[in-house]
Every structure is written in structure tokens, then in C-alpha cells.
There are 2 protein chains.
Amino acid sequence: MLYSIRNSQRTFSVHQFDFDTQVTQNANNLWTGTIDPAWNIGENPNGGYLLSCVIAALKQVMPHPDPVTLTTHYLRPGIPGAPFEVFVEMIRTGRTLSSARARLSQDGKPRLEVLGTFGDLAISAGIDSMLTVLPPPIPPPEACIQRTGDAQGIGLPIGDRLDVRLHPDYAVAGAAGDAKTAGWIRFLDGRAPDTTSLPLFTDTFPPSPFGLLGAVGWVPTIELTVHIRRQPADGWIQAEFETEDLQQGRMIESGYLWDSEGHLVAQSRQLGLVLQQD
Amino acid sequence: MLYSIRNSQRTFSVHQFDFDTQVTQNANNLWTGTIDPAWNIGENPNGGYLLSCVIAALKQVMPHPDPVTLTTHYLRPGIPGAPFEVFVEMIRTGRTLSSARARLSQDGKPRLEVLGTFGDLAISAGIDSMLTVLPPPIPPPEACIQRTGDAQGIGLPIGDRLDVRLHPDYAVAGAAGDAKTAGWIRFLDGRAPDTTSLPLFTDTFPPSPFGLLGAVGWVPTIELTVHIRRQPADGWIQAEFETEDLQQGRMIESGYLWDSEGHLVAQSRQLGLVLQQD
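These numbers come from a predicted model, not from an experiment.

Visitor: Would you mind going over the environment of Trp 31 of chain B in detail, with residue names and values included?
Guide: Residue and element names in this part refer to chain B. Its place among the elements puts Trp 31 in strand 4 (residues 30-34). Separated by 53 residues in the primary sequence, Trp 31 and Phe 84 have C-alpha atoms spaced 8.4 Å apart. For Trp 31, the contacting residues outside a window of four places in its chain are Val 23, Thr 24, Gln 25, Asn 26, Ala 57, Gln 60, Val 61, Phe 84, Glu 85, Val 86 and Val 88.

Visitor: So what about the relation of the copies chain A and chain B? Which residues, and what values?
Guide: Of the transformation placing chain A onto chain B, the axial shift is 0.0 Å and the rotation is 180 degrees, giving an RMSD of 0.0 Å. Within this description, the copies of the chain are treated as partners about a two-fold rotation axis. Most of the interface of chain A is mirrored in chain B, where 100% of its interface residues are also at the interface.

Visitor: Summarise the pattern of salt bridges; cite the residues concerned and give the values.
Guide: In this structure the tally under the stated criterion is 22 salt bridges over all chains. The partner of Glu 89 of chain B in a salt bridge is Arg 103 of chain A, with the nearest N and O atoms 3.3 Å apart. Taken together, the positions of Glu 89 of chain B in strand 8 (residues 83-93) and Arg 103 of chain A in strand 9 (residues 98-106) put the pair across two chains. Note on Arg 103 of chain A: relative accessible area 15%, which makes it buried. Of the charged contacts, one joins Glu 89 of chain B and Arg 101 of chain B as a salt bridge, the two residues approaching to 2.6 Å between their closest N and O atoms. Taken together, the positions of Glu 89 of chain B in strand 8 and Arg 101 of chain B in strand 9 (residues 98-106) put the pair twelve residues apart, joining distant regions of the chain. Exposure remark for Glu 89 of chain B: the relative accessible area of 22% places this residue in the partly exposed category.

Visitor: Account for empty space enclosed by the protein, with residues named and values stated.
Guide: Counted according to the given criterion, the structure contains one cavity of 30 Å³ or more. Taken together, Arg 101, Glu 113, Val 114 and Leu 115 of chain A together with Arg 101, Glu 113, Val 114 and Leu 115 of chain B make up the lining of the largest cavity. Counting only elements with at least two residues in the lining of the largest cavity, the list comes to strand 10 (109-119) of chain A together with strand 10 (109-119) of chain B. Its residues placed into classes, the lining of the largest cavity shows four nonpolar, no polar and four charged.

Visitor: Just give me the short version of helix 2 (residues 47-61) of chain A, but keep the residues and values in it.
Guide: All names here are of chain A. Relative to the 21 Å expected for 15 residues at 1.5 Å per residue, helix 2 spans 22 Å between its end C-alpha atoms, a close match to the ideal helical length. Of all 15 residues in helix 2, twelve are buried, a share of seventy percent or more. Among all positions in helix 2, only Gly 47, Gly 48, Tyr 49, Leu 50, Leu 51, Ser 52, Cys 53, Val 54, Ile 55, Ala 56, Ala 57 and Leu 58 are buried. Here helix 2 starts with a cap whose side-chain oxygen sits 2.9 Å from the backbone nitrogen of Gly 48, and that cap is Asn 46.

Visitor: Requested: an account of the pairing of strand 9 of chain B, with residues and values cited.
Guide: All names here are of chain B. Buried residues dominate strand 9, accounting for nine of its nine residues. In strand 9, alternate side chains face the same way, and those of Ser 98, Ala 100, Ala 102, Leu 104 and Gln 106 on one face and Ser 99, Arg 101, Arg 103 and Ser 105 on the other are all buried. In this sheet, strand 9 lies alongside strand 8 in antiparallel orientation, the contact comprising eight bridges. Bridge pairing links Arg 92 to Ser 99 in strand 9. Counting the residues in the hairpin turn of strand 8 and strand 9 gives four residues. If you look at the hairpin formed by strand 9 and strand 10, you'll find two residues sitting between the two strands, and Asp 107 has a positive phi there, around 55 degrees.

Here is what the cut-offs are and how they apply
Residues numbered from 1 in each chain as written. Chains lettered and ligands numbered in written order. Predicted model: local features only at pLDDT ≥ 70, side-chain atom pairs only at ≥ 80, totals over all residues. Heavy atoms only, no water. Helix = DSSP H or I, 4+ residues; strand = E, 2+ residues; numbered from the N terminus. Contact = heavy atoms within 4.5 Å. Least-squares fit on C-alpha atoms with pLDDT ≥ 70 in both. Salt bridge = Lys/Arg side-chain N within 4 Å of Asp/Glu carboxyl O. Buried < 20%, exposed > 50% of the residue type's maximum accessible area, 1.4 Å probe, protein only. 1 Å grid on protein atoms, 1.4 Å probe; cavity = no way out; pocket = protein on both sides within 12 Å on 5 of 7 lines; lining within 4 Å. Points joined across faces, edges and corners; volume = space filled by probe spheres on them. Nonpolar A, V, L, I, M, F, W, Y, C, P; charged D, E, K, R; others polar. Expected span 1.5 Å × (residues − 1). Polar contact = N/O pair within 3.5 Å; in protein donor to acceptor, adjacent residues only side chain to side chain. Pairing = 2+ DSSP bridges.

Now the structure itself:
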């Protein structure tokens, strides 16, 4: 579904993701918008969607087009349906890279603190190499299993925005025997992936301990770092996430995203909490 | 070698690392110190040492003892021998986790922007598991090769502070056939490792493409994220770093540190630039 936006000059159509992450400049360094509950996982806005609202503000001020590295510290859950503001401070503007910090607040309280560097991924920064990570062979999207809230025991409003297909080996709680998840992702309304939406895709699969430990409930993300590697080709994005280390409730999950041509387009790592279940 | 510090109350001894990262409170949110050239790699202060000066300031204000996750964006090289100031802003103080941002400046220009969350790693945050990464078997420190500037073609003043031993397979430029490095590290003056010094240890080995591509010169770090996993036991720290992906000069290097009892104590990831050699 496309939304229609009219301004004084013209009418144009935008996809849901771009509509739901719109920001308006409110002051020199301040951007405002509204958190749409359509991106909820359970009662909380998805962390990748919250980050996307910050990226939307960063894109307005950055002289370079692509997020190259973004780190987000999640301080408090977002509030679905409520307005937000993003304060942006440029830290350094360079010829090839520019850095800024940003803070998303709702109801007067900081929710996300972000540190990001942008660049132009179409331009080489040095030596090229054949060194990369190839996508592992997995069943095609039509042979994978749609992610549903039922399997996880939570509501998944975000399932009307994103088409997430899970590798059959990792779709059943506790059945995989390792702390891994894999599958495919795309926007349901046909929006093409780009360097701006890849960070969202790194935070929208079930937590990777799901296949080992069973349903682990809500895994709050403390910190998420995403490195964008190149502009993705159109089509499905293949994903893999693995938790190698879970000590005393603190897990480190590392992820890879590949585009439909098999290129590695993003890497991610997050620190999450696996809480005791009641 | 221990330094002796005298204040009005008493005389006490500190190790080099603690002496060279000392900060003094200058104003409410401002801490000052001096970048010691003893931690240089070539002409530039090591990035892990610069970060350690920021950590020293963060420790003064954080209500929790351990850095749990730290992300640093390196904006400009540090200036050896010159004073620095660290501006610290607390973002959130919580019961189990607290977050702050910090900026290290020299000569009026920001050099490092840091976003960090501290906690208490002696206290469990949730579910425990057997999931971890075990240290690979490597030759003991006495069978490894001391890191020298000669092998890399640069001066290594930091070699008088840190004892870095390289796995023989990864000690010769271009000979390993993969973009990996491994070995051991400790302070030369006998200071025990702790959660505060592990971030330094993640940034003091030769760049991991060294074993594949040969001498790659100075690899500027754009961004470094370190996750500290637990308090290390005394003794040598075992390390492994690998670059899985190097595209158009942008490398992602991931690292592991283990303590002398074989526990994973830190994970790191950095975005670095592999520049064209003249």
C-alpha cells in the first residue's frame, strides 16, 4: 500500500516505511514525528523502527548519503502512537565521512542515544579485496515459514509491515539445538531495500537464542551496532543471526545481511538481555 | 616499573597504565590529562590508549564499576605529549546499567566521541547458559613471537608498555593466507588485566589483514565497539582477531579476548580503512 502525500507543489506517493519515519524540522537541531504503533512487537515499538526514525533525521543534516556505522544505546522503551523528537548534533563534517550524535526522546525522556558516521558507499575508500562472507545456502523464501506472533507467544503488529520468513530449522522454539536464526526479509508493500532501511532489518528477526533455549520472551536490546557495507540490490534480503556467547543474561548476537545478488550488505552486533521467565 | 604518587594524605604506587591515563576534574563535567607518547604506534597515540583516557574519566562519574559496552568514533588522530580534556555527559542512571557519552578533545578539536554503558559484571542480569566461545589452542607465549615495529615497518614505542606475542603463523607479513591474527598480551610492568584495561587490548595487535595482504601500513580505525563480558583472571590474555569482510577499503575486524582461565572476557569489532599504499 502506498500513501499519498500532498504539498503545495505536487502530490506524490511514499511507501509505509518512509511515511511512518517522516520527520519535520522544528528548530535548528530538532526534528519531530510520531511513533506509529504499526511497527510494534508486542506492546513495544520495534527497536529497529525507532532507530529508523533517528536515521530519517540524520539524513536531513548529513552531507553523505549512506550510514556506514551506527551505534544505538536503548535507554527506555518507545511509546507507540506518541510524538517523538530527535535532537541532532553534528560532530565532524569531513570530505569522505561525517559523524553526528542524535537522541530520540518521548514524553521528555531520552529513549535512544545514537552515534553515527555516514559516507558514500558507492566510492572506494582504499584497497579492494576478495575477502567477504558468502550467503549460506538456505531454502528459498517460499519454502521458509512466515514469522508469526503465535510461535513466539506475543502479538506482532509489525507482521503487517515486514514479510519475515524463517528457515524451517529455526522456526520452532528450542528445536534447532543452536542459538541461530536465518531466513529472508522484505517490505510487504514492495519498497526496495536501501542503506537506510538495512538497520531495521538487523533487528526484526526472533532473538537467536530462540532455537536453543525455546521461547525467551522479550529480549531488550541494550546496544546495537550496524555496519552497512554496500547499497543492496532490489529483492529479498537474506539474513543470519547467531549468539555465540550468553553469560549471566547478557547475550552478544552477531548478524549478516545479503542482498538478492549474494553480496554482503550489512553486519550487525547487539548486546541483549535474556531475562528470567516468571 | 611503578610510579610513586604523593598527595597530602599518603604516598602510593601506581602502574604505568594508570599513571598515563590519570585525569583531574577541571569543572563539573570536564576532566583533563596528558597524552603520553609512550603509547604511540608510529607517530600516533594508539586508539585503545586514547579510549582508556576516556574510560578513566567515565569511571569517575559512573555509579557502576564495569564498562559493559563502549563505542568509540575516532574523528582525528590524538596529539602525543599534549594535554587533553574529556567532556562527560550522563545520559541515564539506572539500577543495573548507566549510560554516558564522552568527548576527548585536544587543541580545541574533538578527537574521540564515545558512547558507553556501565554495569556490574559480578551480578547476573538473567539466564545463564553454557553458550560461549572457547579459546582455540595456540602455542604458549614463550613459543610466540614478540611484536616489533621492524616486522611492520613502523616505530612501536608502545612496545615498552605492552608485551604482545604473535602466533608464529601470523607473525610474517602476507604469509598466513588468511586475514587473522592471534597471540597473547599483558602489561610489561605486571599490572593485572581488568575490565577497564581490556578495551585497550582489543586495539593493540597488528591489523588482521596483515597475514593475508602483507604490510598494510597504518589502518585508521573509524569506529570501535567493545563488549566486556566478565572480570578477567590475572595473567596473560589470549587474543584472536579476524577480518571477514574487506570491501573498497572498508574492513570489519572482529576480536575475542580470553583470560588465563580460558573464559571469554571481551569481544570487539572495528571498522577500519585499508588505504592504498603509495
